[in-house]
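Structural overview
Now for the letters of each chain:
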Amino acid sequence: MAARVLRPLPRLKPFNRLQLILQHLKMSNQMDSTAEVLLEKRGGAGIITLNRPKALNAVNLSMIRQIYPQIKTWEQDPETFLIIIKGTGGKAFCAGGDIRAITDAGKVGGRLAQDFFREEYMLNNAIGTCKKPYVALIDGITMGGGVGLSVHGCFRVATEKTLFAMPETAIGLFPDVGGGYFLPRLSGKLGYYLALTGFRLKGRDVLKAGIATHFVESEKLPALEKDLVALKSPSTENIADLLNSYHMKSKVDQEKGFVLDEHMEKINSLFSANTMEEIVKKLKQDGSPFAIKQLEISYLGKQQAIYHHNLFFDLFNAFLSVEYSRYSKKIYSNTMHLIHTSASKARNDLMCVFGFFSFEVYVFRCLGAIQIL
């Protein structure tokens, strides 16, 4: 039997070989549409998509651990010129942290709460110090942890569907995720009012409050994203120009005044104290319908809440003052008072709050100032 001659396979042409390589890379980078967070590179843009629509895109520890290293990678990548973050589902950008998971872990003595808050604050800081322009499309509910994922970046684009709030004080926490940094830098005492009452801002009011940098109709966001991705090696100024062009064309609620305009004089006067006791006293003395309404907020005037809210004032002062050591002692003093006057379970909770509180101040005060407003 004659031996068979094996012929060499034809070599692929360089162009065909390149096509195969690109196809392989495309397949290997296919995003899992069921993943909680989608990370992709399109054009010169890194795109982060929060993908938990049924949970209003609430952020959990797993998502944080994916987003943080990706931001750091894109920050060092010379071919990435901007980072875009958005949410899916049409209802929320991000409604906050996944409190249910944290609570469930706490019931069985898990470390999830400590790990979550520590790594969340580190992510917030990474966003605020990111060297690449960071564009947050805050379409829909944006509260708590969602604020931390957006407000520290260069650009925050609100829509008519945006609903902003910092409701932490209502659940026994403080305005975290850098709230102690950006809230006192809003006009007058607006930030203090938003933090203590959890008041909700909607649509264009988020821009007028100084939280968003631009306003664009929700239906225009896909086109805006496409144009951002199409920019060739853009500078921060190029990105700002594009956002400005969309902003100038947006007419929804353009003529409406700021929802709190009629109350700003009262807010600046009544919320200008340095302790919660002073604010409660001012509200009672004022006696106006606006002041009475604030006192009716279930947690604002309660004695236990007063000491808790004084921690909030210490946080704001720690961020604003160069005398950080003096305020850190006040934080400790006020926390110890709460601990010694609370039930045993509450004491453990308060020790956790003190830990989160101190780490928040450390991240945002000591790792370098974040210039956002």
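Residues numbered from 1 in each chain as written. Predicted model: local features only at pLDDT ≥ 70, side-chain atom pairs only at ≥ 80, totals over all residues. Heavy atoms only, no water.

**Focus on the overall build of the chain**
Where we set the bar: Every helix listed is a DSSP run of H or I at least four residues long, and every strand listed is a run of E at least two residues long, numbered separately from the N terminus. Think of it in three bands: residues with accessible area under 20% of the maximum for their type are buried, residues over 50% are exposed, and the middle band is partly exposed, with areas taken using a 1.4 Å probe on protein chains only. For this analysis, residues touch if any pair of their heavy atoms sits within 4.5 Å. Here the Shrake-Rupley method, with its probe set to 1.4 Å, supplies the accessible areas, and only the displayed protein chains count as covering residues.
Of the regular secondary structure elements, the chain holds 16 helices and 10 strands. Split into buried and exposed, the 373 residues of the chain put 49% on the buried side. The contacts of the chain with a sequence gap of at least 6 include a subset with a gap of at least 24, amounting to 70%. Taken as a whole, the chain presents about 18,700 Å² of accessible surface, with 55% of it coming from carbon and sulfur.

**A look at the environment of Ala 223**
Summarising the element assignment, Ala 223 is placed in helix H9 (residues 221–230). Judged by its relative accessible area of 34%, Ala 223 falls in the partly exposed class. When the C-alpha atoms of Ala 223 and Tyr 246 are compared, they prove to be 9.6 Å apart, with 23 residues separating the residues in sequence.

**Structural notes on the side chain of Thr 197**
The condition is simple: What qualifies as a polar contact is a pair of N or O atoms within 3.5 Å, subject to a donor-acceptor requirement within protein and to the restriction that residues adjacent in sequence count only when both atoms come from side chains.
Relative to the helices and strands, Thr 197 is located in helix H7 (residues 190–197). Judged by relative accessible area, Thr 197 falls into the buried class, the value being 11%. One polar contact links the side chain of Thr 197 to the main-chain carbonyl oxygen of Tyr 193, over a distance of 2.6 Å. Polar side-chain contacts of Thr 197 include one of 3.2 Å to the backbone nitrogen of Phe 199.

**Notes on the packing of H9 against helix H10 (residues 236–249)**
Basically, it comes down to this: Angles run from 0 to 180 degrees between N-to-C directions of axes, and those axes are lines fitted to C-alpha atoms, restricted for helices to the stretch in contact. Convention used here: angles under 35 degrees read as roughly parallel, angles over 145 as roughly antiparallel, angles from 65 to 115 as roughly perpendicular, and any remaining angle as oblique. Note on convention: near helix rotated counterclockwise from far helix by under a right angle means a left-handed crossing. Clockwise means right-handed. Each residue gets one label: Ala, Val, Leu, Ile, Met, Phe, Trp, Tyr, Cys and Pro are nonpolar, Asp, Glu, Lys and Arg are charged, and the others, such as Gly, are polar.
The geometry of H9 relative to H10 is characterised by a closest axis approach of 11 Å and an angle of 160° between their N-to-C directions. Between H9 and H10, the interaxial angle falls into the category roughly antiparallel. The two elements H9 and H10 meet at a crossing, and its hand is right-handed. Across the interface between the two elements, Ala 223, Leu 224, Asp 227 and Leu 228 of H9 pack against Ile 239, Leu 242, Leu 243 and Tyr 246 of H10. Counted by class, the contact of H9 with H10 contains seven nonpolar, no polar and one charged residues.

**Remarks on the state of the cysteines**
Condition: The disulfide criterion used throughout: a pair of cysteine sulfur atoms within 2.5 Å.
Using the criterion set out here, one finds zero disulfides in the structure. Here Cys 130 stays free of any disulfide, with the sulfur of Cys 154 as its closest cysteine sulfur at 7.6 Å.

**Section: the sheet that holds strand S4 (residues 92–94)**
To be explicit about the condition: Only when DSSP finds a minimum of two bridges between them are two strands counted as paired.
Sheet architecture is open: four strands sit in the order S4-S6-S8-S9, paired in mixed fashion. Of all the strands in the sheet, the pair left with one neighbour each is S4 and strand S9 (201–202).

**Some thoughts on helix H2 (residues 61–76)**
The condition that has to hold: Every helix has an expected span of 1.5 Å times one less than the residues it contains. Within this analysis, the arc is defined by the directions that extend from the helix axis to the C-beta atoms.
Taking 1.5 Å of rise per residue, the 16 residues of H2 would be expected to cover 22 Å, and the 23 Å separating its terminal C-alpha atoms lies within 8% of that figure. Among the residues making up H2, those that are buried are Leu 61, Met 63, Ile 64, Ile 67, Ile 71, Trp 74 and Glu 75. Angularly, the buried residues of H2 cover 150° about the axis, an arc narrow enough to put them on a single face. Of the residues flanking the start of H2, the one acting as N-cap is Asn 60, its side-chain oxygen 3.2 Å from the backbone nitrogen of Ser 62.

**Notes on helix H4 (residues 112–128)**
In this model, H4 (17 residues) spans 24 Å end to end at C-alpha, consistent with the 24 Å of a helix rising 1.5 Å per residue. Of all the 17 residues making up H4, 13 are buried; the element is thus mostly covered by neighbouring parts of the structure.

**Looking at the confidence of the model for the chain**
Cut-off, in case you're wondering: pLDDT: the predictor's confidence for each residue, scored from 0 to 100.
Residues with a pLDDT of 70 or more make up 70% of the chain, whose mean pLDDT is 79. Across residues 20–30, where pLDDT falls below 50, the model places one contact with residues more than four positions away in sequence or in other chains. Note on residues 365–373: pLDDT is under 50 here. Beyond four places in sequence and across chains, it has 28 contacts.

**Regarding the pattern of salt bridges**
One side chain can pair with another of opposite charge once the charged atoms of both are near each other. The cut-off we apply is this: We count a salt bridge whenever a side-chain nitrogen from Lys or Arg sits within 4 Å of a carboxyl oxygen from Asp or Glu.
Applying the stated rule across the entire model yields 12 salt bridges. Across the pair Arg 42 and Glu 225 runs a salt bridge whose closest N-O atoms are separated by 2.5 Å. Note that Arg 42 is positioned in strand S1 (residues 37–42) and Glu 225 in helix H9, a separation of 183 residues in sequence. Of the residues examined, Glu 225 reaches a relative accessible area of 8% and is grouped as buried. A salt bridge links Arg 118 to Glu 119, with the shortest nitrogen-to-oxygen separation between them at 3.8 Å. For Glu 119, a relative accessible area of 16% gives the class buried. Taken together, the shared-partner salt bridges connect Glu 40, Arg 42, Lys 86 and Glu 225 into one network.

**Side note on the pairing of strand S5 (residues 134–138)**
Extensive coverage of S5 is indicated by the burial of five of its five residues. Bridge count for strand S3 (residues 82–87) against S5 is three bridges, and the pairing is parallel. Each residue of the ladder has a partner; that of Ile 84, found in S5, is Val 135. One ladder, built from four bridges, connects S5 with strand S7 (residues 155–158); its direction is parallel. Bridge assignment links Leu 137 to a residue of S7, and that residue is Val 157.

**Brief notes about the packing of H2 against H4**
Relative to each other, H2 and H4 sit at 30°, their axes nearing to 10 Å. With respect to H4, the element H2 is oriented roughly parallel. As H2 runs across H4, the sense of the crossing is left-handed. For the pair H2 and H4, contact is made by Leu 61, Ile 64, Arg 65, Ile 67, Tyr 68, Ile 71 and Lys 72 and by Leu 112, Asp 115, Phe 116, Glu 119, Glu 120, Met 122, Leu 123, Ala 126 and Ile 127, respectively. A breakdown of the residues in the contact of H2 with H4 according to their chemical character gives 11 nonpolar, no polar and five charged.

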